[in-house]
Amino acid sequence: MKKYVPKMYKSSIFDIDYDKIYDIGIRCIIFDLDNTIVAAKESIPTKKVLYLIKKLKKKFDIYILSNNSSKKRVSNVCKMLEISFISFAMKPFSFGFKRLLKKYKYDISQVCIIGDQIMTDVLGGNNMGIFTVLVEPINSNELKVTSVNRFFERKKIVKLEKLGMFKKGEFYG
Ligand SMILES: [Mg+2]
């Protein structure tokens with residue numbers, strides 16, 4: 001069950017203490033896209049996101065690893081943010097993570113993933129052994145495939161809550 005528990009849990013990408021992430025040795029931040037950086041059906045990042053990414057780029061290498069199969073959508077958003085990406089990453093499987101880590105030659109200990117889903121972002125990241133940060137989804141308007149994942153996520157959360165390992169809405173880290 002531990003592999004479903006994020007190392008850090010925050011309300012949004014704006015609530016994360018990035019200095020703390022830097023201090024534990026993280027130099028590469030992998031963001032999920034849909035409902036983490038932009039709402040699932042939006043294609044233009046807000047000014048606040050643009051500003052945050054610009055600021056983070058001074059200290060970290062930033063990438064997007066998205067399960068979205070629309071390369072066009074992912075690439076359009078990433079163009080605006082001026083960051084590299086991998087679309088159709090099939091998280092929680094390791095292909096996308098491995099491609100990224102191999103290409104940019106990071107040590108596992110220098111990498112973290114920030115995303116809004118336990119069944120893809122957190123599970124995939126924990127399986128890779130990288131630092132995992134869960135954020136709440138931007139809104140509840142989601143893609144069909146995500147609502148399937150949410151169904152399993154809710155079940156998992158019930159179990160984790162029973163075990164006292166995680167509680168929805170109780171942020172930490
Ligand atoms: Mg997402």
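Not measured: the values here are computed from a predicted model.

**Concerning the sheet that holds strand 4 (residues 84–86)**
For step 1, the next point in the chain: Taking strand neighbours across the sheet as the criterion, the six strands line up as 1-6-5-2-3-4 in an open arrangement whose pairing is parallel. The strands lining the two open edges of the sheet, one partner per strand, are strand 1 (8–10) and strand 4. Averaged over all adjacent pairs, the angle separating strand axes in this sheet is 25°, with direction ignored.
For step 2, the next point in the chain: Across three bridges, strand 1 lies against strand 6 (residues 131–135) in parallel orientation. Its bridge partner lying in strand 6, Met8 is registered against Val133.

**Here we look at the environment of Gly129**
For step 1, the next point in the chain: In this structure, Gly129 sits in the loop between helix 5 (118–128) and strand 6.
For step 2, the next point in the chain: Take Gly129: there are 11 C-beta atoms within 10 Å of it, and that puts it in the exposed class.
For step 3, the next point in the chain: Put simply, Gly129 and Val111 are 18 residues apart on the chain and 9.1 Å apart in space, counted from C-alpha to C-alpha.

Parameters and conventions
- Residues numbered from 1 in each chain as written.
- Predicted model: local features only at pLDDT ≥ 70, side-chain atom pairs only at ≥ 80, totals over all residues.
- Pairing = 2+ DSSP bridges.
- Helix = DSSP H or I, 4+ residues; strand = E, 2+ residues; numbered from the N terminus.
- Axes fitted to C-alpha atoms, helices over the stretch in contact; angles between N-to-C directions.
- Buried ≥ 20, exposed ≤ 12 C-beta atoms within 10 Å, placed from the backbone.

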